[in-house]
Amino acid sequence: MVRLCRYVTARMEVVIVKIISRDSWGAKPNKTKFSKLGEVKGLVVHWSAYPVAIGNQAEMDQCKQIQRLHQEDRGWNDVAYNFLVGDTGQIYEGRGFGNRSAAQGGNSRQEINYNNKHYIAVCWLGGSNPTDKPSAEALASIKGLAEIVGGELKAHSDFKQTDCPGDATRQWIIEKNATPNSTISNESPPDVYVPLKYEKKLDIIIAKLENIENKLKLGRLIK
Ligand SMILES: [Zn+2]
C-alpha cells in the first residue's frame, strides 16, 4: 500500500508525500509495542552509512538490511527510524509518524530519551563514503516530510559527535534553515491509502491535483 499524505500549509501550499507502507517493502513486525512520541519539535536527518541504494529494489533491500541490523544485531524493537528515503525519492515507512524513534543519540541517557521522544527521524539510504550525497529527489522528499512534521530541521550531528548525515546534507539543512519555514495549517485532510499497483496512476493524479490546488490558491489570493 501507498500512504498518501496531503497537507495544506498556512501559506496555502500543498504538500503531498507518498509513503511506501511497511508491508510493501517487506518489513518484519516490531517486536513489542512502540512508545508514543511526545510533542514533536522537528525532523532529524540521518544517513544509513551503507553504499547508496540505486533503484527501488535496492532501496527496499537496504531497508530490510537496516531493520535486520537494528532488530537482530542491536536487539532493538524495530528499525530505528520513522522513515527511510532513497535516491528515487521514494519514502519508506519505518516507525511512522506517531511513534518514538531510536535513532537520535545524544551525550547522556537523558538526552537520548528526550531526542527520541520529541524528534522524528528520517534516514537517507546511503553514506558509505564521506562524499556521498542524496539525489535532488531524495532531498525533495525529505523536504516534504519536514514540511509535514513542522518545527525544526536538524542533522544527527546537531545532537552528538557523528559524521551522520554527511557534509552535503548538513550544508543543505543549513541552507534550508536560512529560509523561513512555512507552518502547517490545522486543517490538513486525512491520509489516503492506495494499493501499490495504482502508484503510477497516482503520480498523474497528484500532478493534476497540485495544478488545481495552485489555481485555487491563485484564485483565493486574487479575491
Ligand atoms: Zn544518524
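Only a predicted model underlies this, so the values are computations on that prediction, with no experimental measurement involved.

Novice: Account for the overall build of the chain, with residues named and values stated.
Specialist: Looking only at helices and strands, the chain has six helices and eight strands in total. In the chain, the order of α-helices and β-strands from amino to carboxyl end is β-β-α-β-α-β-β-α-β-α-β-α-β-α. The buried share among the 223 residues of the chain stands at 48%. For the chain, long-range pairs separated by at least 24 residues make up 70% of all intrachain contacts whose partners lie at least 6 apart in sequence. Carbon and sulfur atoms provide 52% of the accessible area of the chain, an area that totals close to 11,700 Å².

Novice: How would you summarise the sheet that holds strand S8 (residues 192-194) if you had to cite specific residues and measurements?
Specialist: What the eight strands build is an open sheet, ordered S7-S3-S6-S4-S5-S2-S1-S8; its pairing is mixed. Both outer strands of the open sheet, strand S7 (152-155) and S8, are each paired with one neighbouring strand and no more. Across the sheet, the mean angle from the axis of one strand to that of its neighbour is 30°, orientation sign disregarded. In terms of strand pairing, strand S1 (residues 2-8) meets strand S2 (residues 14-20) through seven bridges, oriented antiparallel. Among the inter-strand pairings, cysteine 5 is bridged to a residue of S2, identified as valine 17. Its contacts with the sheet place helix H2 (residues 56-73) against strand S4 (83-85) and strand S5 (91-93), and it is angled at close to 35° to S5. Along the sheet, helix H3 (residues 109-118) makes contact with strand S3 (42-47) and strand S6 (119-124), crossing S6 at roughly 85°.

Novice: Which residues make up the pattern of salt bridges, and what values do they have?
Specialist: For the structure on display, the rule yields seven salt bridges. A salt bridge links glutamate 152 to lysine 154; the nearest nitrogen and oxygen atoms lie 3.7 Å apart. A relative accessible area of 35% means that glutamate 152 is categorised as partly exposed. Exposure remark for lysine 154: the relative accessible area of 22% places this residue in the partly exposed category.

Novice: Which residues make up the coordination of the zinc ion, and what are the values?
Specialist: Within the first shell, the zinc ion binds the protein through His46 (ND1), His156 (ND1) and Cys164 (SG), at distances of 2.0 to 2.3 Å. Every donor residue of the zinc ion comes from the same chain, spaced as H-x109-H-x7-C. Within this pair, whereas histidine 46 is found in strand S3, its partner cysteine 164 is found in the loop between S7 and helix H5 (167-178), the two being separated by 118 residues in sequence. Each of the two residues, histidine 46 as well as cysteine 164, counts as buried.

Novice: Kindly report on unusual backbone geometry, identifying the contributing residues and their values.
Specialist: Across the junction of cysteine 164 and proline 165, the peptide omega takes the value 5°, indicating a cis bond. Examined against the element boundaries, proline 165 turns out to sit in the loop between S7 and H5. Phi is positive for alanine 49, close to 70°, though the residue is something other than glycine. Judged by relative accessible area, alanine 49 falls into the partly exposed class, the value being 46%.

Novice: With reference to specific residues and values, describe H2.
Specialist: Every α-helical turn comprises 3.6 residues, leaving residues that sit three or four positions apart pointing alike. In a regular helix each residue adds 1.5 Å, so 18 residues correspond to 26 Å; H2 covers 25 Å between its end C-alpha atoms and thus fits that length. Within the sequence span of H2, burial applies to Glu59, Met60, Gln62, Cys63, Ile66, Gln67, His70 and Gln71. Viewed end-on, H2 has its buried residues packed into an arc of 160°, placing them on one side of the element. The exposed set on the far side of H2, more than 90 degrees from its buried face, consists of Glu72 and Asp73. Packed against the buried residues of H2 are helix H1 (22-25), S4 and S5. Looking at the residues trailing H2, positive phi occurs at glycine 75, about 70°.

Criteria and cut-off values
- Residues numbered from 1 in each chain as written.
- Predicted model: local features only at pLDDT ≥ 70, side-chain atom pairs only at ≥ 80, totals over all residues.
- Heavy atoms only, no water.
- Helix = DSSP H or I, 4+ residues; strand = E, 2+ residues; numbered from the N terminus.
- Buried < 20%, exposed > 50% of the residue type's maximum accessible area, 1.4 Å probe, protein only.
- Contact = heavy atoms within 4.5 Å.
- Areas by Shrake-Rupley, 256 points an atom, 1.4 Å probe, with all protein chains shown as cover.
- Pairing = 2+ DSSP bridges.
- Axes fitted to C-alpha atoms, helices over the stretch in contact; angles between N-to-C directions.
- Salt bridge = Lys/Arg side-chain N within 4 Å of Asp/Glu carboxyl O.
- Donors = N, O, S within 2.8 Å, 3.2 Å for Na, K, Ca; no water.
- Expected span 1.5 Å × (residues − 1).
- Arc of directions from axis to C-beta.

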